[in-house]
Amino acid sequence: RGLAEDLEPALAVWWRAESARRHGPPPSASVERVCGYARRTGVFLLVAESTGEVAGMALVTPATSRPPEVAVVQMVFVASERWGEGIGGRLVDTTGLAEARVRGFERALLWTHDDDERVRRLTEGRGFGRTGPQVAGESGEPIVSYERPL
């Protein structure tokens, strides 16, 4: 479980990973959205540490537009130099979903970019199923939702 002092290094992991995925810095709308997630009531931060540094992070919040038993996996990011090591999967499996279950949530929901094969493999391999049509995200990129029972 992440502590208050882990938030800044975790968001730095997000920034680096998102910049690597986009081949440039994330748009200001993304930065504002992410900072908003971190301030939500009931949010919990999970971190993966390696040699004393944050190598990955997940941020989970209660749903705001869904029934209260739905946890939203807002963000799962791993430092780009650590991609492919299974860190994201461990964050989702043993911390994100398990912690959401312990906190009483019954379902988990997440959104991802439709063209991100790595994330689609991660979510579908963990029992998430696509639940809706493709829509335009805040920066116009196509995103899709996935959901699974806990």
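Reading the values: the criteria
- Residues numbered from 1 in each chain as written.
- Predicted model: local features only at pLDDT ≥ 70, side-chain atom pairs only at ≥ 80, totals over all residues.
- Heavy atoms only, no water.
- Helix = DSSP H or I, 4+ residues; strand = E, 2+ residues; numbered from the N terminus.
- Expected span 1.5 Å × (residues − 1).
- Contact = heavy atoms within 4.5 Å.
- Axes fitted to C-alpha atoms, helices over the stretch in contact; angles between N-to-C directions.
- Parallel < 35°, antiparallel > 145°, perpendicular 65-115°, else oblique.
- Left-handed = near helix turned anticlockwise from the far one by under 90°.
- Nonpolar A, V, L, I, M, F, W, Y, C, P; charged D, E, K, R; others polar.
- Buried < 20%, exposed > 50% of the residue type's maximum accessible area, 1.4 Å probe, protein only.
- Pairing = 2+ DSSP bridges.
- Core = buried A, V, L, I, M, F, W, Y, C linked by side-chain atoms within 4.5 Å.
- Phe/Tyr/Trp six-rings, centres within 6.5 Å; stacked < 30°, edge-to-face > 60°.
- Salt bridge = Lys/Arg side-chain N within 4 Å of Asp/Glu carboxyl O.

Draft legend 1. Seen up close, helix α1 (residues 7-22). Helix length check: α1 (16 residues) gives 22 Å between terminal C-alpha atoms against 22 Å at 1.5 Å per residue, within 8%. For α1, the elements touching its buried residues are α2 (28-39), β1 (44-50), β2 (53-62), β3 (70-78) and β4 (107-113). Note on α1: the residue one or two positions beyond its end, H23, has a positive phi of about 65 degrees.

Draft legend 2. Quick peek at the packing of α1 against α2. With their axes 12 Å apart at the nearest point, α1 and α2 run at an angle of 150 degrees to one another. Regarding the angle of α1 to α2, the classification is roughly antiparallel. Considering only the axes of α1 and α2, their crossing is right-handed. Only S30, V31, V34 and A38 of α2 make contact with α1, whose side of the interface consists of L7, L11, W14, W15 and R22. A breakdown of the residues in the contact of α1 with α2 according to their chemical character gives seven nonpolar, one polar and one charged.

Draft legend 3. View of the pairing of strand β7 (residues 142-149). Extensive coverage of β7 is indicated by the burial of six of its eight residues. Here seven bridges tie β4 to β7, and the two strands are oriented antiparallel to one another. Paired with L109 across the bridge in β7 is E147. Note that strand β6 (residues 135-136) and β7 share two bridges and pair antiparallel. Bridging from a neighbouring strand, V135 pairs with I143 of β7. In textbook terms, the turn of a hairpin is the stretch between consecutive antiparallel strands, and for β6 and β7 this stretch comprises five residues, one of which, G140, has a positive phi near 85 degrees.

Draft legend 4. Summary view of the environment of P25. With respect to the helices and strands, the residue P25 is situated in the loop between α1 and α2. Sequence separation between P25 and R39 is 14 residues, and the spatial gap between their C-alpha atoms is 22 Å.

Draft legend 5. Geometry of the nonpolar core. Judged by nonpolar contacts, the single largest core of 21 residues is most densely connected at F44, L46, V60, I87, L91 and F128. The leading source of residues in this core is helix α3 (residues 87-102), at five residues. If sequence neighbours within four positions are ignored, L91 has contacts with L46, V47, A48, G56, M57, A58, F77 and G96. One finds A17, V47, M57 and L59 within the second-largest nonpolar core, a separate group that totals 14 residues.

Draft legend 6. Representation of the packing of aromatic side chains within the structure. Counted according to the given criterion, the structure contains one aromatic pair. For the ring pair W14 and W15, a centre distance of 6.0 Å and an interplane angle of 70 degrees mean the geometry is edge-to-face. By relative accessible area, which is 5% here, W14 ends up buried. Residue W15 is classed as partly exposed on the basis of its relative accessible area of 38%.

Draft legend 7. Representation of the pattern of salt bridges in the model. Applying the stated rule across the entire model yields eleven salt bridges. Where salt bridges share partners, they join E18, R21, R22 and E141 into one cluster.

Draft legend 8. Region of the structure containing unusual backbone geometry. Even without being glycine, H23 reaches a positive phi, approximately 65 degrees. Position of H23 among the secondary structure elements: in the loop between α1 and α2. Positive phi, close to 50 degrees, is recorded for T51, a residue that is not glycine. Mapped onto the fold, T51 is located in the loop between β1 and β2. On the basis of relative accessible area, T51 is assigned to the exposed category, the value being 79%.

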